[in-house]
2 protein chains.
Amino acid sequence: MPTVSMEDYLKALYHLESRTPRVSTTALARWLHVAPASATEMLRRLAAWQPPLVHYTPRHGATLTPEGRRLALRIIRKHRLLERFLHDILGFPWDAVHAEAERLEHAVSDEFIRRLAALLGDPAYDPHGHPIPGPDLHLPPVTDTPLLHAPPGVPLVVKRVSDRDPGLLRRITELGLHLGQRLIVLERTPYDQLLHLQLEPGGGRAVVGPRLAQSIFVQQVEPPITPPPAAPLEAHR
Amino acid sequence: MPTVSMEDYLKALYHLESRTPRVSTTALARWLHVAPASATEMLRRLAAWQPPLVHYTPRHGATLTPEGRRLALRIIRKHRLLERFLHDILGFPWDAVHAEAERLEHAVSDEFIRRLAALLGDPAYDPHGHPIPGPDLHLPPVTDTPLLHAPPGVPLVVKRVSDRDPGLLRRITELGLHLGQRLIVLERTPYDQLLHLQLEPGGGRAVVGPRLAQSIFVQQVEPPITPPPAAPLEAHR
DNA sequence: CCCACAATTTAGGCAACCCTAAATCTGGAG
DNA sequence: CTCCAGATTTAGGGTTGCCTAAATTGTGGG
């Protein structure tokens, strides 16, 4: 695999921080497919940066500093705008844009990105539904949840899908799912091993396993003010 | 300055070979702004490649092998298509596209270039008038000559300009010159120190020194047999 | 024909990445 | 409160580039 740059480490830290406030060396290494020792080395470098890009306490993980977060978001902006370009203008399928953008994001200048954003009409989301940080690097709040944890019986919309695994994206497409797709969770088998879905409109059916259900993010369609008092099917978490 | 990759060495060798069949270490090093020792090192590596990318005789310079030339042309194709894109679609001024393309050419995939070429309508020339190798890496024969050596008194057209020096490009623009510009060499002072030009139509005048005159390539207007290929899309800004 | 000088290569180092194998911590089970 | 397994870091190397300084070598002028 191609070598991983400092920028990739910042991006990875940013993504991982949304799950755990402190990111462990191992989690970082696994995310980037490098050896733990390589992650340690880079964390030391990032912490030694002037100004520091991470707070790093050996053996206790790391967090991005504001400056580190700023740099991470700049790259994420580049990445997602490039994905829009690759998809909308060059016509790449959505399972191919990630890998291509991954290489380009390190090569494009800020000026390039300014012009590209203007050309694309300052899009707010990438082809997988991830929000694109604005020029000021702001992001809208997250309002979707993994399909895996979505309540059954209520109408949902697909808002976002993970993009790192092309195979996953292809499977999602094959299931007839796409951004904006409406669906309802009909039934979940014990331990969330399988989710039975009804796609709307058209009433198609689909069954997804937990890995897929964790990679698809949905939102309720009629934003509920009052949760239905009727006893719902038991909710697993 | 950013680090220079193996691909850059191949490109440099390709360009330099059009001047001297055998390229010296020093010429290569100067072209890439690296120390001679760095060029020596890379020549050894390129010659040790499997298959060899250069024929290298220590102390007597190097030549590209067919395989090396093929790789060089692939990158040049990427570079020039990217320049067209940056200029025509993103609106970069023509003195800025080279530097940007220089970074991007190493990051884009072949698939990206296929799609980009289609989007652009398979252009034959980059914004500076350099021919773009086709997918088969073929190039049209060179039919232009440096303005410096153009005959006086006959109508000429600007066909191509060197692109490595943004300052030069800016000066060319300021002089009122652009691709397709018609002109006549009125007079050359001894030793080609200065060329007096008449621009047509409009009859403007310009005086250029030898450096500029060597960076501008022209062709006589009443073309011998072959009609000039379609000029690249509109002129730069 | 020789020798000095310019061109080139060699020697020895540095930076950013990577890895494996061998220490060394840390935290949770008992 | 101990002890161990897993997590992490350290040690020692590798690769692609780059550089300076010190040999070399080839060649053109005398």
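Cut-off values and rules
- Residues numbered from 1 in each chain as written.
- Chains lettered and ligands numbered in written order.
- Predicted model: local features only at pLDDT ≥ 70, side-chain atom pairs only at ≥ 80, totals over all residues.
- Heavy atoms only, no water.
- Near = heavy atom within 4 Å.
- Polar contact = N/O pair within 3.5 Å; in protein donor to acceptor, adjacent residues only side chain to side chain.
- Helix = DSSP H or I, 4+ residues; strand = E, 2+ residues; numbered from the N terminus.
- Least-squares fit on C-alpha atoms with pLDDT ≥ 70 in both.
- Domains from an automatic or database assignment.
- Contact = heavy atoms within 4.5 Å.
- Buried area = accessible area lost by both parts, 1.4 Å probe.
- Salt bridge = Lys/Arg side-chain N within 4 Å of Asp/Glu carboxyl O.
- Core = buried A, V, L, I, M, F, W, Y, C linked by side-chain atoms within 4.5 Å.
- Buried < 20%, exposed > 50% of the residue type's maximum accessible area, 1.4 Å probe, protein only.
- Pairing = 2+ DSSP bridges.
- Axes fitted to C-alpha atoms, helices over the stretch in contact; angles between N-to-C directions.
- Parallel < 35°, antiparallel > 145°, perpendicular 65-115°, else oblique.
- Left-handed = near helix turned anticlockwise from the far one by under 90°.

Near DNA strand D, the surroundings consist of 23 residues, among which Thr25(A), Thr26(A), Thr40(A), Tyr56(A) and Ser38(B) are the closest. Expressed as a percentage, the sugar and phosphate content of the atoms of DNA strand D within 4 Å of the protein is 77%. Here a sugar or linking oxygen of DNA strand D sits 3.0 Å away from a polar atom, N or O, in the main chain of Val4(B). Ala35(B) places a polar main-chain atom, nitrogen or oxygen, 3.0 Å from a phosphate oxygen of DNA strand D. Broken down by secondary-structure element, the contributors of at least two residues to the surface near DNA strand D are helix H2 (25-32) and helix H3 (36-48) of chain A together with helix H1 (6-17) and helix H3 (36-48) of chain B. Considering every element that reaches the surface near DNA strand D, the biggest residue donor is H3(B), with five residues.

Time to look at the relation of the copies chain B and chain A. Here chain B sits on chain A after a turn of 180 degrees about the axis and a move of 0.0 Å along it, with an RMSD of 0.1 Å. Here the two chains are linked by the operation of a two-fold rotation axis.

Attention shifts here to the protein's contact with DNA strand C. The immediate surroundings of DNA strand C are formed by 24 residues, with Ser38(A), Thr25(B), Thr26(B), Thr40(B) and Tyr56(B) found nearest. Of what DNA strand C places within 4 Å of the protein, 76% of the atoms are sugar or phosphate. One nitrogen or oxygen atom from the side chain of Glu41(A) is found 3.2 Å from a base nitrogen belonging to DNA strand C. Taken together, the elements giving at least two residues each to the surface near DNA strand C come down to helix H1 (6-17) and H3 of chain A together with helix H2 (25-32) and H3 of chain B.

Glancing now at the domain arrangement of chain A. Parsing chain A into structural domains produces domain 1 (6-64), domain 2 (77-141) and domain 3 (145-220). Spacing between the C-alpha centres of domain 1 of chain A and domain 3 of chain A amounts to 31 Å.

Moving on: the interface of chain B and chain A. Each partner contributes to the interface: chain B provides 18 residues, whereas chain A provides 18 residues. In total, chain B and chain A occlude about 1,500 Å² of area from one another, counting both sides; carbon and sulfur atoms represent 69% of this. Of all residues in chain B, the largest losses of buried area upon contact with chain A belong to Leu90(B), Phe112(B) and Arg115(B), amounting jointly to 36% of the total for that side. There are zero salt bridges connecting chain B and chain A. Viewed at the interface, chain A and chain B are joined by eight residue pairs in polar contact (both at pLDDT 80 or more).

All names here are of chain A. Enumeration over the complete set of coordinates arrives at 30 salt bridges over all chains. Linking glutamate 111 and arginine 115 is a salt bridge whose minimum nitrogen-to-oxygen distance equals 2.8 Å. A residue pair is termed a helical-turn pair when its members lie 3 or 4 positions apart in one helix, as glutamate 111 and arginine 115 do in helix H6 (residues 110-120) at four residues. A cluster of three or more residues bridged by salt bridges with shared partners is formed by Lys11, Glu102 and Glu105.

All names here are of chain B. Along the chain, alanine 47 falls in helix H3. Sequence spacing of alanine 47 and leucine 13 is 34 residues, and the spatial spacing of their C-alpha atoms is 13 Å. Leave out the neighbours within four places in its chain, and alanine 47 touches Pro52, Val54 and Tyr56.

With that out of the way, let us pick up the nonpolar core. Formed by 34 residues in total, the largest nonpolar core has its most connected members in Leu86(A), Phe112(A), Leu116(A), Leu86(B), Phe112(B) and Leu116(B). Residue assignment for this core shows that the elements contributing at least two residues are helix H4 (66-88), helix H5 (97-104) and H6 of chain A together with helix H4 (66-89), helix H5 (97-104) and helix H6 (110-120) of chain B. Apart from the residues lying within four places of it in its own chain, the contact partners of Phe112(B) are Phe85(A), Leu86(A), Leu90(A), Phe92(A), Glu100(A), Leu104(A) and Leu82(B).

All names here are of chain B. Strand order in this open sheet of six strands is E3-E8-E4-E5-E6-E7, and the pairing throughout is antiparallel. Bordering the open sheet on either side are strand E3 (145-146) and strand E7 (205-208), each of which pairs with just one other strand. Pairing geometry for strand E4 (residues 155-161) and strand E5 (residues 182-188), over three bridges, is antiparallel. Of the residues in E5, the one forming a bridge with leucine 156 is leucine 183.

All names here are of chain A. Two elements in contact, H2 and H3, have axes separated by 8 Å at closest approach and are oriented at 110 degrees. As judged from the angle between their axes, H2 and H3 are roughly perpendicular. Considering how the two elements wind past one another, H2 and H3 form a crossing that is right-handed. For the pair formed by H2 and H3, the contact residues are Thr25, Leu28 and Ala29 on the first element and Pro36, Ala39, Thr40 and Leu43 on the second.

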